[in-house]
Amino acid sequence: MTRQQIAWYAGVSVKTLRNWCKPYRKELEALGLQPGMVILPPNIVQWICDKFCIDVEP
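To start, this report covers the structure provided alongside it. Just so it is clear, the model here is predicted, and its values are computed rather than measured. (Residues numbered from 1 in each chain as written. Predicted model: local features only at pLDDT ≥ 70, side-chain atom pairs only at ≥ 80, totals over all residues. Heavy atoms only, no water.)

1. A closer look at a positive patch on the surface
- Where like charges cluster on the molecular surface, the positive patch consists of K15, K22, R25 and K26.
- If you trace the backbone, K15 turns up in helix α2 (residues 14-21).
- Judged by its relative accessible area of 64%, K15 is exposed. (Patch = residues over 30% accessible without salt bridge, like charges linked within 9 Å, V, L, I, M, F, W, Y side chains within 5 Å. Areas by Shrake-Rupley, 256 points an atom, 1.4 Å probe, with all protein chains shown as cover. Salt bridge = Lys/Arg side-chain N within 4 Å of Asp/Glu carboxyl O. Lys, Arg positive; Asp, Glu negative; His and termini not counted. Charge placed at Lys NZ, Arg CZ, Asp CG, Glu CD. Helix = DSSP H or I, 4+ residues; strand = E, 2+ residues; numbered from the N terminus. Buried < 20%, exposed > 50% of the residue type's maximum accessible area, 1.4 Å probe, protein only.)

2. Observations regarding the nonpolar core
- Judged by nonpolar contacts, the single largest core of 14 residues is most densely connected at I6, L17, L28, L40 and I48.
- Going through the elements one at a time, α1 (3-10), α2 and α4 (42-51) are the ones with two or more residues in this core.
- In terms of residues, this core owes the most to one element, α4, which gives five residues.
- For L28, the residues in contact, after removing those within four places along its chain, are C21, L33, I44, W47 and I48. (Core = buried A, V, L, I, M, F, W, Y, C linked by side-chain atoms within 4.5 Å. Contact = heavy atoms within 4.5 Å.)

Here's what the structure looks like:
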């Protein structure tokens, strides 16, 4: 899943989603997030959705 897709489910812009994640950058990097990643791995998507209460289920 991409950041854009997660942002859409959250009802915010990608910029807002990035700002939400900024304080947790070190934690996300420990999970495997790398600069420039387009497709996020499932464990990072799950972490973001759990942290910010985003429902991505159809």
